[in-house]
Every structure is written in C-alpha cells, then in structure tokens.
Amino acid sequence: MKLRIKGNSIRLRLGPSEVLQLILDGAVEEVTELGPAPTQRFGYALLATDASSDISARFEDQRIVIRVPQDVMERWATTGQVSIDAQQRTRAGRDLRILIEKDFECIDPPTGESQEDTYPNPQFTTAACAPAKSS
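Rules and cut-offs
- Residues numbered from 1 in each chain as written.
- Predicted model: local features only at pLDDT ≥ 70, side-chain atom pairs only at ≥ 80, totals over all residues.
- Heavy atoms only, no water.
- Core = buried A, V, L, I, M, F, W, Y, C linked by side-chain atoms within 4.5 Å.
- Buried < 20%, exposed > 50% of the residue type's maximum accessible area, 1.4 Å probe, protein only.
- Helix = DSSP H or I, 4+ residues; strand = E, 2+ residues; numbered from the N terminus.
- Contact = heavy atoms within 4.5 Å.
- Phe/Tyr/Trp six-rings, centres within 6.5 Å; stacked < 30°, edge-to-face > 60°.
- Lys NZ or Arg CZ within 6 Å of the ring centre and 35° of its normal.
- Polar contact = N/O pair within 3.5 Å; in protein donor to acceptor, adjacent residues only side chain to side chain.
- Arc of directions from axis to C-beta.

Student: Explanation requested: the nonpolar core in the structure shown.
Tutor: Burial of nonpolar side chains together is a common tendency in soluble globular proteins. L14, L46, I66, V68, W76, I84 and I100 are the most contacted members of the largest nonpolar core, which has 23 residues in total. The greatest single-element share of this core, amounting to 4 residues, is contributed by helix α2 (residues 70-78). Contact partners of V68, with chain neighbours within four places excluded, come to L46, L47, A48, T49, I55, M73, I84 and I100.

And the structure:
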C-alpha cells in the first residue's frame, strides 16, 4: 500500500494482494520505523467497517487510520471501479480529501519503483503514472 499526503489530501494506492487482504481480513496496514524507540514509528491503515459508518480518517496510536464501509469496499474491490473518493470536514472547517485507488502498473515506471503487485494498466499511456490532480 502506498501513501501520498499533500495538503489536505490523503491518497492510498493498493495492489491486488492488498485488496484481497482487505476483503479477507478487513484491514491492511503499513509501518515505517523512523528510529530505534518504539515511539519512533509512523503507520497507516485501511479498515473495513460496518455499513452504517461513513468514510473517515483519524490519527490515532501514531498512525493514520482510514475507515470505509464494508459494502463500499467490496464493490470497489470486485468491480472495475478504480477509486473511492470522499470528503471529510475538519475541525478547522476545511475539507480533507480521502482517495483510495487500485494501483496500476506504469508503462514507463520511475527508476527503482517496483511494478510488482499492480493491476494491469488499462490506458497504455504514461499519463496513468502521473499523480491524480487534487481539487
């Protein structure tokens, strides 16, 4: 799972094995160790929740936790739907954009970036590798 944060936007990109793990286990998580102490870590997780909840993002226990209703997650995972796009109002009255996408292989991948565990690219253009435009 890849994470991109820019301004008030959080974007997650998941490969096929991570999408399968999400459907089977209800969660996918990554952790980056920043130093030797247990508190020097940063994580991010995507969790499936019950259908009555909204798509949301929170910062808790040194990680960003994004929750998506199970039915929304399953529809995204089992169809040709490429992304889940949501807005969350912040305490400051701004909107946080939450974008969850299937990770497609790049036709012309950046040097050193693995193309393993990606979906086949449906567009056959290098434009598919460009970052999504934030609103």
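From this point, the discussion proceeds with the structure in view.
Student: I tried to follow the packing of aromatic side chains on my own but got confused; where do I start?
Tutor: The way to describe two aromatic rings as a pair is by their centre distance and the angle between their planes. A full pass over the atoms with the stated rule returns 1 aromatic pair. Look at F42 and Y44: their rings are 6.5 Å apart centre to centre, the planes differ by 40 degrees, and that puts the pair in the tilted class. When the ring centre of W76 is taken as origin, the NZ or CZ atom of K102, which lies over that ring, is 5.9 Å away.

Student: Looking at this structure, I do not really get the environment of R41. What am I missing?
Tutor: With respect to the helices, strands and loops of the structure, R41 is situated in strand β4 (residues 41-49). For R41, a relative accessible area of 34% puts it in the partly exposed group. In sequence terms R41 and V31 are 10 residues apart; their C-alpha atoms lie 6.8 Å from each other. The residues touching R41, leaving out its near neighbours within four places in the chain, are V31, T32, E33, L34 and Q62.

Student: Looking at this structure, how should I read the side chain of R11?
Tutor: Looking at the secondary structure, you find R11 in strand β2 (residues 9-14). For R11, a relative accessible area of 10% corresponds to the buried category. Within the local environment of R11, its side chain forms a polar contact with the side chain of E101, the two groups lying 2.6 Å apart.

Student: Explain unusual backbone geometry here, please?
Tutor: Glycine aside, the phi torsion of most residues is negative, and most peptide linkages are trans. In the Ramachandran plot, D61 falls in the positive-phi region, its phi being about 55 degrees despite a non-glycine side chain. A positive phi angle is found at Q62, which is not glycine, with a value near 65 degrees. With respect to the helices, strands and loops of the structure, Q62 is situated in the loop between β5 (56-60) and β6 (63-69).

Student: I keep staring at helix α1 (residues 16-25) and nothing clicks. Help me out?
Tutor: Note: α-helices contain 3.6 residues per turn, so residues at a spacing of three or four share the same orientation. Of the positions making up α1, those classed as buried are E18, V19 and L22. Take α1 and look down its axis: the buried residues cluster within an arc of 100 degrees, on one side only. Among the exposed residues of α1, those oriented more than 90 degrees off its buried face are L24 and D25. Buried positions along α1 lie against β2, β3 (27-33), β4 and α2. Following α1 by one or two positions, G26 has its phi on the positive side, about 80 degrees.

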